[in-house]
Structures are given as structure tokens and as C-alpha cells.
Amino acid sequence: NWTTAYNMLEYVNAFLENGLTDELRYNRVDDSIDAAIKNRLRGEAYFLRAWWHFELLKVYGGKCADGVARGIPHADHFISLEEASDNGLFVRPTYQATVNFICSDLDKAMELLPMTYEGTDQYVGATQDGRATKAAAAVLKSRVLVYGASPAMQDDNVVKITDMGEYEIVNPELYRKKWAKVAGQIAELLSLDGFGTYVPLLPENISDVQAESADFAFRKYFNSNNLEANHFPPYYFGKAQTVPSHNLVKAFCAR
């Protein structure tokens, strides 16, 4: 995860710094079309930068031995080899600082991207379905916010972990304020057009690669049987990569 994510972040930052300049044209004829394409690409880049930072945060972020919850070093620009060789430049900020950084990129993405790709427009229409959208950025932001408010990701002066799955709230007022703030932020996201109504997934939404659902905010498309293989159990020729194991179910049902 570490190498892959930071490699992806180098690509994204290189694109943000070099791929959207006035000298580079995606449509040489129409200025408005060129601007529309660049807006979409910029929004996608911010979304991907947030995505890869969150992938790192999920694996490497957390509470340290000193009781402080820390995030991961931010890649907010293209990092040269000379800069990378100076280890003193790269420090772990607080967990909340990384959450704020990711959410800032997602806010930028939401300003630039359409809620969904619909219609016949060549550049922001249905033919672009599968790219990052405002809806996908909103869902990712809500997930980042919930992680940031988790008791496992608070400093010891707010929440202290006492055992596996057990914790003590040291500062109830501060802890409640954080959750109240996160709840308000997520409520704003749910008020966006396109959210608010739960649409259950049907079996064909999983077993048929072409089946769509209004509940999809961001999905991977396949031109093979990998979608079914990932979901189906081994005795149905699947790999069971996205289904819970019996042990995992028991862990949640033990109480």
C-alpha cells in the first residue's frame, strides 16, 4: 500500500502541476469545451489524491505509543528525488490534520465534478460514466469524517483504549462535540440532490456487470467475470474476496 499509494500521488501531483496549464489544450477549437474538460480532470485529480491519502490513512494512521493519534505524511505537491532524500521534511501530522487535508481535496473535487454523468454531452455525459463524481466525493468524505471521529483515532486525553474493542472516554464533552460536528457535516452531504432515499441492491446488481442501481455512488466496471468471482463463494467458482468469513460473523455476534 505504501509504495503504490505514494507512486499514485506522484502521478496525480505531476498532473495537477503540468497537465492543466494554459499552454496545454484538450480542445484546440473551442475554449469553453477545453475549460470543461480541464475542470473535470482537475476534479478527478483532487478526488484521486484524496482517495490515495485515505488508503494510506486507513493502513498507517492511528494512535502512537505517546497517546497521540497521527496521520500520514501529506503529498500535496510533486516530490523530487532531492526533496525525498531529506527525511526530515516528512513528518506525521495529527490524524485530524490528515482528515482535514483529505476533506479539503474532496471539497475541491465536489465543486468541479457533476453529481452523475448523464445526457449526451461528449465530455460530461453518460459516455464518461465510471469516472469520479460529486456523489463519489461526498460518500468518500463521509467515510473519512466517520473514521476521524472514531474512538480509536482520538488522543489519549479524549479517549483511551483499555483493551481490544474497549475504551474509556476521558473527555466526554470534547468527544461529543467532535461527533456532533461530524454528524452535521454528513447531514449536509446527505442533503445534496441524489441522496436521502435508500435504494436496496438487487442480486442482479452484483451478478450482472451491466446492471445499474441508484445506490451506486462509485463502482468498478469489469469486462470479465471478476465481479462475480470476487463475490461468489469458492463452491460457486468464486474467490469470496468481498464476503465475510464465518469467523468474522461470529466476532460480531459473540455478544
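Residues numbered from 1 in each chain as written. Predicted model: local features only at pLDDT ≥ 70, side-chain atom pairs only at ≥ 80, totals over all residues. Heavy atoms only, no water.

### Some details on the overall build of the protein chain
Keep this limit in mind: Strands here mean DSSP runs of E at least two residues long; helices mean DSSP runs of H or I at least four residues long; both are numbered from the N terminus. Residue burial is assigned from relative accessible area. The probe radius is 1.4 Å, only protein chains are included, and a residue is buried under 20% of its type maximum, exposed over 50%, and partly exposed in between. The criterion used for residue contact is that any of the two residues' heavy atoms lie within 4.5 Å. Accessible areas in this description were obtained via Shrake-Rupley with a 1.4 Å probe; residue shielding takes into account the shown protein chains only. Within this scheme the basic residues Lys and Arg register as positive and the acidic residues Asp and Glu register as negative, but His and the chain ends are omitted. A charged residue contributes its charge at one atom only: NZ of Lys, CZ of Arg, CG of Asp or CD of Glu.
Counting its secondary structure elements, the protein chain contains nine helices and four strands. Counting helices and strands in the order they occur from the N terminus, the protein chain gives α-α-β-β-α-α-α-β-β-α-α-α-α. Principal-axis analysis of the C-alpha atoms gives the protein chain an extent of 65 × 50 × 35 Å. Within the protein chain, the proportion of its 255 residues that are buried is 32%. Long-range pairs, those at least 24 residues apart, make up 56% of the contacts in the protein chain with a sequence separation of at least 6. As presented, the protein chain carries roughly 15,800 Å² of accessible surface, and 55% of it is formed by carbon and sulfur atoms. The average position of the 25 basic charges and that of the 33 acidic charges among the side chains of the protein chain differ by 5 Å.

### Considering the environment of Thr98
What counts, and what does not: We define a polar contact as two N or O atoms separated by no more than 3.5 Å, with the added condition that, inside protein, one atom must be a possible hydrogen donor and the other a possible acceptor, whereas residues neighbouring each other in sequence contribute only through side-chain atom pairs.
Mapped onto the elements, Thr98 comes out in helix 4 (residues 95-112). Separated by 27 residues in sequence, Thr98 and Gly71 have C-alpha atoms that sit 5.4 Å apart. Filtering out sequence-adjacent residues up to four positions away, Thr98 remains in contact with Leu57, Gly71, Ile72, His74 and Pro93. Polar side-chain contacts of Thr98 include one of 3.4 Å to the backbone nitrogen of Ile72.

### Points about the pairing of strand 4 (residues 166-169)
Note the following rule: When DSSP locates at least two bridges between a pair of strands, those strands are taken to pair.
Of the strand pairs in this sheet, strand 3 (residues 159-163) and strand 4 are connected by four bridges, and their pairing is antiparallel. Counterpart to Val159 in the pairing with strand 4 is Ile169.

### Here's the deal with the packing of helix 2 (residues 31-60) against helix 4
To keep it simple, the criterion reads: Think of each axis as a best-fit line through the C-alpha atoms, taken over the contacting stretch in the case of a helix, with angles from 0 to 180 degrees between the N-to-C directions. An angle below 35 degrees is read as roughly parallel, one above 145 as roughly antiparallel, one from 65 to 115 as roughly perpendicular, and any other as oblique. Crossing handedness follows the turn of the near helix against the far one: under a right angle anticlockwise gives a left-handed crossing, and clockwise gives a right-handed one. Residues were grouped as follows: Ala, Val, Leu, Ile, Met, Phe, Trp, Tyr, Cys and Pro as nonpolar; Asp, Glu, Lys and Arg as charged; and all remaining residues, including Gly, as polar.
Contact pair helix 2 / helix 4: the axes reach a minimum separation of 8 Å and the direction vectors enclose 155 degrees. In terms of orientation, helix 2 lies roughly antiparallel with respect to helix 4. In the crossing of helix 2 with helix 4, the sense of the turn from one axis to the other is left-handed. Listed contacts from helix 4 to Asn39, Arg42, Gly43, Tyr46, Phe47, Arg49, Ala50, His53, Phe54 and Leu57 of helix 2 are Tyr95, Thr98, Val99, Phe101, Ile102, Asp105, Leu106, Lys108, Ala109 and Leu112. Class assignment for the residues of the contact of helix 2 with helix 4 results in 12 nonpolar, four polar and four charged.

### Section: the side chain of Glu44
Within the fold, Glu44 resides in helix 2. Polar side-chain contacts of Glu44 include one of 3.1 Å to the side chain of Arg131. If sequence neighbours within four positions are ignored, Glu44 has contacts with Leu113, Arg131 and Ala132.

### Side note on the pattern of salt bridges
The condition that has to hold: For this document, the term salt bridge refers to a Lys or Arg side-chain nitrogen within 4 Å of an Asp or Glu carboxyl oxygen.
Scanning the model with the defined rule gives 13 salt bridges in all. For Arg49, the salt bridge goes to Asp105, with nearest N and O atoms at 2.6 Å. One end of the pair, Arg49, is in helix 2; the other, Asp105, is in helix 4, with 56 residues separating them in the sequence. Asp105 carries the same exposure label as Arg49, and that label is buried. Linked through salt bridges whose partners overlap, the residues forming this network are Arg25, Asp31, Asp34 and Lys38.

### Examining the packing of aromatic side chains
For clarity, the cut-off: Any Phe, Tyr or Trp ring, taking Trp's six-membered ring, that has another such ring centre within 6.5 Å forms a pair; planes under 30 degrees apart are called stacked, those over 60 apart edge-to-face, and the others tilted.
Inspection of the entire model under this criterion finds six aromatic pairs. Ring plane angle 70 degrees and centroid distance 5.2 Å describe the contact between Phe47 and Phe218, whose orientation is recorded as edge-to-face. Note that Phe47 is positioned in helix 2 and Phe218 in the loop between helix 7 (203-207) and helix 8 (226-231), a separation of 171 residues in sequence. Owing to a relative accessible area of 37%, Phe218 belongs among the partly exposed residues under this scheme. An aromatic cluster is defined as three or more aromatic residues linked by ring pairs; in this entry it consists of Trp2, Tyr6 and Tyr60.

Keep in mind these numbers describe shape, not what the thing actually does.
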